[in-house]
Amino acid sequence: MDLAFTPNQEKFRADARSWIAQNLPAEWKGGIYRGPSDPALSVHIQKDWERRLYKAGYAAISWPREYGGQGLTAVEQLIVNEELGRAAAPEGLNTVGMELVGPILFGAGTEEQKKELIPKILNLDTIWCQGFSEPEAGSDLASVRTTAVRVGDHWVINGQKLWTTHARYSDQCIVLARTDHSLPKHKGLSLIMVPIESTGLTVRPLAQITGQEEFAEVFFEDVKVPVSNVIGAVNEGWRIAGSVLEFERGTLKLYRQGRFSHEFESMLRLAVSSKRNGAKNPYFRQRLADVYALLTIFRYHNLKLVSRIAAGERIGSDASISKLFWSEMHQKLSALSFDLLGLEGAAYGESTVFSGRFQELILNCRYETISAGTSQVQRNIIAERLLSLPRS
Amino acid sequence: MQFSLNAEDTLLVDSVRGQFQELFPFSAVQQFADQLEIEDARHEVAADIGIYGVCAGESAGGLDLGALEALLVTLEAGRNLVPLPVSEMIAATAALSQSHVDLTGQLIKGRLSATVTWYDCVVATQTSDGWSLSGLLDAVPWAAQSDYLLLPARPSQDGCARDAFLVRLDDPSVELISNRGLDLTCPVARVRINSLLVRESDRLSGAATRLRNLVAICCAAEMLGAAERAFEMTVAYLKVRRQFGQVIGSFQSLKHIAANDMASIESMRVAIQYAGWALDTAADDAEMAVAIAMSFISGSARTVIENCIQLHGGIAYTWKFGLHLFYRRILRCAVTAGSVELHREAIASLLIDSVIDSGYSEG
């Protein structure tokens, strides 16, 4: 048991902290994660920021050097994520590329695909979005109906995807499509790369619970892409996507901890402000302590995960424990922050305390126990795969 | 960064678990619970494993290991419901091994016994040649069965306990009001101390916090161990018990309870291991880490064992089946190691004081 960071890692942290302080986009300072209200400007600023972050050595930290990564470990990745969260840095526009497509390519892509696509992810030349869920394939993801039929040297794709975040600003979509109807539902699926500009592809923005339009529906009508756009073996898409979804559930969402800590700090300032007096109210004190304990235990879980990853272990279904834990903890945090607002909770927008951050949070964090596998799906995974209880 | 046990610690766990299983099979624990008697020889048997001196100095015959190893041992004691003051003896020998070498040696060998309390404390008044202690201590584990008691004392009714004192429990100024323990594997007693005179050499200056932290996380580890073992029994039961023509573990409503419990147990484990490491390295956040582990485990271990009872159904409600022994152990530890509310208040004080100290503003 050794939970200390090495002197080199401490120096890495100090360097990252000072680089971030000097380079954060001016628009973001002030402790709120929201960018300018003009989405196009916001995207421009985010791309520029992420590009500089990568050039400075603070992105793709544990990716191999030969593909442009930093060749460091998950521990350094955790350190950077903690520092980014601490500084309230912008969220990753390029999340799907960095956290899904990159790992999928490393796991299942051809050498040619890796050489061509990974540098474009790192340089922000290709923004990726994820085309997995469908209206009839939510928790039961393997029921996807979108089809890809091979015609000559092309796949012809038809269907509809849902909850595709940042589709409007993306260049490519990674699509989970049915390529063989004769196989059982988990076996006939493939992962196919589809350019957003393709003929027959339509993006329709979808306003979410907060009123923002980060989501979209994506429609495919006889969209043609070359057969070489498949990633991994044909009909192996479920297995490949499954391993990546495990990543999505826990291991690569480590940056959340830094963001949650930043939210907690703001919430604490809210609590001690004399107007609300939450810090003197024993009921609120108990809740603050409860949430702080859970937040800190989430950090312990992350330290354990990175130490296991750095030791070369595969995380697998354990990621479900982490996903279940952080998503429910964050909702508890949001509920407390909202309750601490008192009457101001009924108001909304920039003019309210912390620019309306906590009113937005309680709405926004509903998705966290739903996306990337609902809490109920996570519990099934824990029960069936980790406890070996029989399938229902 | 290595968030896992090293080879020596893994070996320690395996060895202690094996010996506890052999010495205290469930039938023996149940028998103890029915008779409520501890044989003196039992201490010596446990002493042979070498566990009482885990944290004591080598010169006193201890192993000179850390809080992490202490909690690994007491976790195993909790798993096996070992009917001995394992946490208390470990904390006592750790506190005494520098100042009371001979006594520590006797404790480690199991020839004498000591217990510890920290929830209540007495008032210490300085006299011409020592100290005079007075006060009432509730629910002191093993008080009627032990030779010595280590307890915190404060200088006045309102002050904070800083020092710990060693007292003999057979002193005429010490009155024991022995109660039945809720935890049938751990008798407790109310201890009234009336102007007990203690020598200066039996004052452990500034030791109260260290003593409290060690005994608290040892008790938390007992809770985790008891919850973990009861949960393993429950998962096994879910796979064999049949109703409605199928094993009950295939019902989603029960699976989801079990999944929550498994996640809870993992969270308890990282919390206590972090706290042990923080104490051993005197980390800046050690005090906070202990409070976090205590508050979380006191609440979660209780939820897990209550779920275990529910998942078993009627059989768990019977005396003979014995699951109640795990419940009783956890309830008792959660009380004597400090309630969820108490530890949360400690977290709140640490948190809020730091914010007020650094100045604050709304964004």
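Residues numbered from 1 in each chain as written. Chains lettered and ligands numbered in written order. Predicted model: local features only at pLDDT ≥ 70, side-chain atom pairs only at ≥ 80, totals over all residues. Heavy atoms only, no water.

Undergrad: In this structure, what is going on with the overall build of chain B? I would like to understand it.
TA: The helix and strand inventory of chain B stands at 11 helices and 10 strands. Rg of the C-alpha trace for chain B: 21 Å, near the compact-globule value of 21 Å for 363 residues, within the 12% margin. Here the C-alpha coordinates of chain B stretch approximately 80 × 65 × 40 Å along the principal axes. The proportion of buried residues among the 363 residues of chain B is 56%. Here the analysis covers contacts within chain B between residues at least 6 apart in sequence; of these, 72% occur between residues at least 24 apart. With an accessible surface of roughly 14,700 Å², chain B has 49% of that area assigned to carbon and sulfur atoms. Taken as two groups, the 27 positive and 43 negative side-chain charges of chain B have centres that lie 8 Å from each other. (Helix = DSSP H or I, 4+ residues; strand = E, 2+ residues; numbered from the N terminus. Rg over C-alpha atoms; globule rule 2.2 N^0.38 Å. Buried < 20%, exposed > 50% of the residue type's maximum accessible area, 1.4 Å probe, protein only. Contact = heavy atoms within 4.5 Å. Areas by Shrake-Rupley, 256 points an atom, 1.4 Å probe, with all protein chains shown as cover. Lys, Arg positive; Asp, Glu negative; His and termini not counted. Charge placed at Lys NZ, Arg CZ, Asp CG, Glu CD.)

Undergrad: Help me understand the packing of aromatic side chains, please; the structure alone is not making it clear to me.
TA: Each aromatic ring pair is specified by the distance between its two centres and by the angle formed by the two planes. Tallied over the full model, the rule gives 18 aromatic pairs over all chains. Ring geometry for Y67(A) against F106(A): centres 5.5 Å apart, planes inclined by 65°, an arrangement best described as edge-to-face. Taken as a pair, Y67(A) in the loop between helix 2 (39-55) and helix 3 (74-86) and F106(A) in helix 4 (residues 95-108) lie far apart in primary sequence, 39 residues in all. Where F26(B) meets F326(B), the ring centres are 5.9 Å apart and the plane angle is 20°; that geometry is what we call stacked. Residue F26(B) is located in helix 2 (residues 26-35), and its partner F326(B) is located in helix 10 (residues 323-336); the two are separated by 300 residues in the primary sequence. Every member of this aromatic cluster is reached through a ring pair, and the members are F12(A), W19(A), W49(A) and Y58(A). Note that R13(A) overlies the ring of F5(A), its terminal NZ or CZ placed 5.0 Å from the centroid. (Phe/Tyr/Trp six-rings, centres within 6.5 Å; stacked < 30°, edge-to-face > 60°. Lys NZ or Arg CZ within 6 Å of the ring centre and 35° of its normal.)

Undergrad: It is not clear to me how the interface of chain A and chain B should be interpreted in this structure. Could you clarify?
TA: Many structure descriptions define interface size as the accessible area lost when the parts assemble. The interface of chain A with chain B comprises 48 residues on the first partner and 49 residues on the second. Buried area between chain A and chain B, both sides added, is near 4,600 Å², and the carbon and sulfur share of it is 69%. For chain A, the biggest contributors to the area lost against chain B are M1(A), L3(A) and Y300(A); these three give 18% of the whole. Taking the shortest distance from any N to any O, the salt bridge between R344(B) and D290(A) comes out at 3.2 Å. Where chain A meets chain B, there are 14 residue pairs in polar contact (both at pLDDT 80 or more). Of all the secondary-structure elements, those providing two or more residues to the side of chain A that touches chain B are helix 7 (255-272), helix 8 (282-310), helix 9 (318-341) and helix 11 (375-386) of chain A. The leading source of residues in the side of chain A that touches chain B is helix 8 of chain A, at 16 residues. Broken down by class, the residue content of the side of chain A that touches chain B amounts to 29 nonpolar, 9 polar and 10 charged. (Buried area = accessible area lost by both parts, 1.4 Å probe. Salt bridge = Lys/Arg side-chain N within 4 Å of Asp/Glu carboxyl O. Polar contact = N/O pair within 3.5 Å; in protein donor to acceptor, adjacent residues only side chain to side chain. Nonpolar A, V, L, I, M, F, W, Y, C, P; charged D, E, K, R; others polar.)

Undergrad: Please clarify how helix 8 of chain A should be interpreted in this entry.
TA: Every α-helical turn comprises 3.6 residues, leaving residues that sit three or four positions apart pointing alike. Residues and elements named next belong to chain A. Taking 1.5 Å of rise per residue, the 29 residues of helix 8 would be expected to cover 42 Å, and the 42 Å separating its terminal C-alpha atoms lies within 8% of that figure. Burial analysis of helix 8 places 23 of its 29 residues in the buried class, the great majority of the element. Put simply, N281 is the residue that caps the front of helix 8, since its side-chain oxygen is 2.8 Å from the backbone nitrogen of Y283. In the segment just after helix 8, G312 is the residue with positive phi, at about 85°. (Expected span 1.5 Å × (residues − 1).)

Undergrad: Honestly, unusual backbone geometry in this entry has me stumped. Any pointers?
TA: Negative phi values dominate among residues other than glycine, just as trans dominates among peptide bonds. Residues other than glycine seldom take positive phi values, yet A88(A) does so here, at roughly 55°. The phi angle at L124(A) is positive, at roughly 65°, despite the residue not being glycine.

Undergrad: What is the right way to read the packing of helix 7 (residues 208-240) of chain B against helix 10 of chain B from this model?
TA: The relative placement of two packed helices comes down to the angle between their axes together with the axis-to-axis distance. Residue and element names in this part refer to chain B. Look at helix 7 against helix 10: their axes get within 9 Å of each other, and the N-to-C directions meet at 155°. Of the possible angle classes, the one that applies to helix 7 and helix 10 is roughly antiparallel. The chirality of how helix 7 crosses helix 10 is left-handed. Residue-level contacts link C219, E222, M223, A226, A227, R229, A230 and M233 of helix 7 to L323, F326, R329, I330, R332, C333 and A334 of helix 10. Among the residues forming the contact of helix 7 with helix 10, the class breakdown is 11 nonpolar, no polar and 4 charged. (Axes fitted to C-alpha atoms, helices over the stretch in contact; angles between N-to-C directions. Parallel < 35°, antiparallel > 145°, perpendicular 65-115°, else oblique. Left-handed = near helix turned anticlockwise from the far one by under 90°.)

Undergrad: Just checking my understanding: could you explain the domain arrangement of chain B for this structure?
TA: All names here are of chain B. Here chain B is described as being made up of domain 1 (7-112), domain 2 (116-204) and domain 3 (208-357). Relative placement of domain 1 and domain 2: their C-alpha centres are 22 Å apart. Of the residues lining the interface, 18 residues belong to domain 1; the matching set on domain 2 comes to 14 residues. Regarding the contact of domain 1 and domain 2, the summed buried area is about 1,300 Å², with carbon and sulfur atoms giving 77% of it. The tally of links between domain 1 and domain 2 comes to 0 salt bridges. Where domain 1 touches domain 2, the interface holds 2 residue pairs in polar contact (both at pLDDT 80 or more). Every element with two or more residues in the side of domain 1 that touches domain 2 is listed here: helix 2 and helix 5 (86-96). Classifying every residue of the side of domain 1 that touches domain 2 gives 15 nonpolar, 2 polar and 1 charged. (Domains from an automatic or database assignment.)

Undergrad: In this structure, what is going on with the side chain of S298(B)? I would like to understand it.
TA: Residue and element names in this part refer to chain B. For S298, the location among the structural elements is in helix 9 (residues 286-312). Given a relative accessible area of 2%, S298 falls into the buried group. Ignoring sequence-local partners within four residues, the contact set of S298 consists of M223, A334, G338 and V340.

Undergrad: Please explain the environment of P85(B) as it appears in this structure.
TA: Residue and element names in this part refer to chain B. Mapped onto the fold, P85 is located in the loop between helix 4 (67-79) and helix 5. Assessed through its relative accessible area of 1%, P85 is described here as buried. In contact with P85, other than residues within four places in its own chain, are H43 and W142.

Undergrad: I tried to follow the confidence of the model for chain B on my own but got confused; where do I start?
TA: Residues shown with low pLDDT carry predicted positions that ought not to be read at fine detail. When pLDDT is averaged along chain B, the result is 93, and 96% of the positions lie at 70 or above. The complex model carries a pTM of 0.95, and its ipTM stands at 0.95. (pLDDT = per-residue confidence, 0-100.)

Undergrad: Whenever I open this one, empty space enclosed by the protein confuses me. Can you help?
TA: Rolling a probe over the atoms, with the probe sized like a water molecule, indicates the empty space that remains. All names here are of chain A. In the structure shown here, the tally under the stated rule is 1 cavity of 30 Å³ or more. Counted as a void, the largest cavity has a volume near 30 Å³. Lining the largest cavity are H166, A167, R168, Y169, P205, E213, E214, F215 and A216. Its residues assigned to classes, the lining of the largest cavity comprises 5 nonpolar, 1 polar and 3 charged. (1 Å grid on protein atoms, 1.4 Å probe; cavity = no way out; pocket = protein on both sides within 12 Å on 5 of 7 lines; lining within 4 Å. Points joined across faces, edges and corners; volume = space filled by probe spheres on them.)

Undergrad: I tried to follow helix 9 of chain A on my own but got confused; where do I start?
TA: Residue and element names in this part refer to chain A. Compared with an ideal rise of 1.5 Å per residue, which puts 24 residues at 34 Å, helix 9 spans 36 Å between its outermost C-alpha atoms and is within 8% of the ideal. With 18 of 24 residues buried, helix 9 is to be regarded as a mostly interior element. Looking one or two residues past helix 9, G342 carries a phi angle of roughly 65°, positive in sign.

Undergrad: In this structure, what is going on with the packing of helix 9 of chain B against helix 10 of chain B? I would like to understand it.
TA: Residues and elements named next belong to chain B. Axis separation between helix 9 and helix 10 bottoms out at 10 Å; the angle between their running directions is 165°. Considering the angle they form, helix 9 stands roughly antiparallel to helix 10. Considering only the axes of helix 9 and helix 10, their crossing is left-handed. Residues S298, A301, R302, I305, E306, C308, I309 and H312 of helix 9 lie in contact with helix 10, whose contacting residues are L323, F326, Y327, I330, L331 and A334. For the contact of helix 9 with helix 10, the class distribution of residues is 10 nonpolar, 2 polar and 2 charged.

Undergrad: Sorry if this is basic, but what is going on with the pattern of salt bridges here?
TA: A side chain of one charge can pair with a side chain of the opposite charge if their charged atoms are brought near each other. Residues and elements named next belong to chain A. For the structure shown, the criterion picks out 43 salt bridges over all chains. R13 is the partner of E82 in a salt bridge, and the nearest nitrogen-oxygen pair spans 2.8 Å. Linking E82 in helix 3 with R13 in helix 1 (residues 7-23), this pair joins segments that are 69 residues apart in sequence. Neither E82 nor R13 differs from the other in exposure class; each is buried. E82 serves as the salt-bridge partner of R299, at 2.6 Å between the closest nitrogen and oxygen. In this pair, R299 is assigned in helix 8 and E82 in helix 3, connecting sequence segments 217 residues apart. Judged by relative accessible area, which is 10%, E82 ranks as buried. Through salt bridges with shared partners, a single network forms among R13, R17, E82, E83, R86 and R299.

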